[in-house]
Amino acid sequence: YHPIVLNPAYTGSKDFSNISLTTKASKWPDTQILNYNTRLLLPDGTFSNWGVGAYAFQEQFDLSWNTGVSLSGAYHYALDRQKLHFLSFGAALKGVVAVPKEAGENSSDSLSAKFRPNMDLGIYYYGTNAFAGISSTSIFGTDINGDSSLAYSNFDRQYNIIPGIPIYSFGAHRLSPV
């Protein structure tokens, strides 16, 4: 997954806008994620301290579909005057629609679809030599209320830690896992 999915504080942490499509079909469940995030610009063309982003996703399980959207925002606090090291605080609001599938049923026609709002929170440090983040996703959790067809759409709260370092090679080229 793209880091914005696991930690909303990542939103806008790069000096460019990012659009990506991630798909996973080789192992169950099938998942597609389309995301966008950017740092907002000030009228003079410099970067503000705010990043915004969004992603849409769909997961296909044997008995249900999960389709949703998330809107995220992050505040990036510069830890030095050169603005090379930042500490970011982010939040995301998301809504997931869980739709049970029945034999021969078009999933979009289901009357038993369940809407589930949720929220993610995160903190993310990034600088020239390292990055690290900690976050909690699906803070509100979900409850399937005994509906076994929605068993795969039960999202427990999760905690994520993402550390890393950029890798430099051939002088000016910089490789980073994200």
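(A) Just the sheet that holds strand 7 (residues 131-137), in detail. Strand order in the open sheet formed by 8 strands is 1-2-3-4-5-6-7-8, with antiparallel pairing between adjacent strands. Lying at the two open borders of the sheet, with one neighbouring strand each, are strand 1 (18-24) and strand 8 (158-164). In this sheet, adjacent strand axes meet at a mean angle of 15 degrees when their direction is disregarded.

(B) Up close: unusual backbone geometry. Phi is positive for Lys83, which is not a glycine, with a value near 55 degrees. Among the secondary structure elements, Lys83 is positioned in the loop between strand 4 (64-78) and strand 5 (86-100). Positive phi, close to 55 degrees, is recorded for Ser138, a residue that is not glycine. If you trace the backbone, Ser138 turns up in the loop between strand 7 and strand 8. By relative accessible area, which is 6% here, Ser138 ends up buried.

(C) Just the packing of aromatic side chains, in detail. Applying the stated criterion across every chain yields a total of 6 aromatic pairs. Taken together, a centroid distance of 5.4 Å and an interplanar angle of 70 degrees make the contact between Tyr10 and Tyr124 edge-to-face. Within this pair, whereas Tyr10 is found in the loop between helix 1 (3-6) and strand 1, its partner Tyr124 is found in strand 6 (residues 114-126), the two being separated by 114 residues in sequence. Taking 6.0 Å as the distance between ring centres and 40 degrees as the angle between the ring planes, the aromatic pair formed by Tyr55 and Phe57 counts as tilted. Each member of the pair, Tyr55 as well as Phe57, is classed as buried. Members of the aromatic cluster, connected to one another through ring pairs, are Tyr10, Phe86, Tyr124, Tyr126 and Phe131.

(D) Representation of the pairing of strand 5. Sheet analysis places strand 4 next to strand 5, joined by 15 bridges and oriented antiparallel. From the neighbouring strand, Val69 faces strand 5, where its bridge partner is Gly95. Both strand 5 and strand 6 contribute to a ladder of 13 bridges, which runs antiparallel. Residue pairing across strands places Gly90 opposite Gly122, the latter belonging to strand 6.

(E) Spotlight on a nonpolar patch on the surface. There is a patch of nonpolar side chains on the surface, built from Tyr77, Leu79, Phe89, Ile123, Ile134 and Ile161 and spanning about 610 Å² of accessible area. Positionally, Phe89 belongs in strand 5.

(F) Geometry of the pattern of salt bridges. One pass over the full model with this rule turns up 1 salt bridge. In this structure, Asp120 and Lys94 form a salt bridge, with 3.3 Å as the shortest nitrogen-oxygen distance. With Asp120 in strand 6 and Lys94 in strand 5, this residue pair connects regions lying 26 residues apart in the sequence. In terms of burial, Asp120 and Lys94 fall into one category: buried.

(G) Spotlight on the side chain of His76. Examined against the element boundaries, His76 turns out to sit in strand 4. Only 3.2 Å separates the side chain of His76 from the side chain of Tyr126, close enough to count as a polar contact. With near-sequence residues (within four places) excluded, His76 lies in contact with Ala9, Thr11, Gly12, Ser13, Arg39, Asn49, Trp50, Gly51, Phe86, Leu87, Ser88 and Tyr126.

Cut-offs used in this document
- Residues numbered from 1 in each chain as written.
- Predicted model: local features only at pLDDT ≥ 70, side-chain atom pairs only at ≥ 80, totals over all residues.
- Heavy atoms only, no water.
- Pairing = 2+ DSSP bridges.
- Helix = DSSP H or I, 4+ residues; strand = E, 2+ residues; numbered from the N terminus.
- Axes fitted to C-alpha atoms, helices over the stretch in contact; angles between N-to-C directions.
- Buried < 20%, exposed > 50% of the residue type's maximum accessible area, 1.4 Å probe, protein only.
- Phe/Tyr/Trp six-rings, centres within 6.5 Å; stacked < 30°, edge-to-face > 60°.
- Patch = residues over 30% accessible without salt bridge, like charges linked within 9 Å, V, L, I, M, F, W, Y side chains within 5 Å.
- Areas by Shrake-Rupley, 256 points an atom, 1.4 Å probe, with all protein chains shown as cover.
- Salt bridge = Lys/Arg side-chain N within 4 Å of Asp/Glu carboxyl O.
- Polar contact = N/O pair within 3.5 Å; in protein donor to acceptor, adjacent residues only side chain to side chain.
- Contact = heavy atoms within 4.5 Å.

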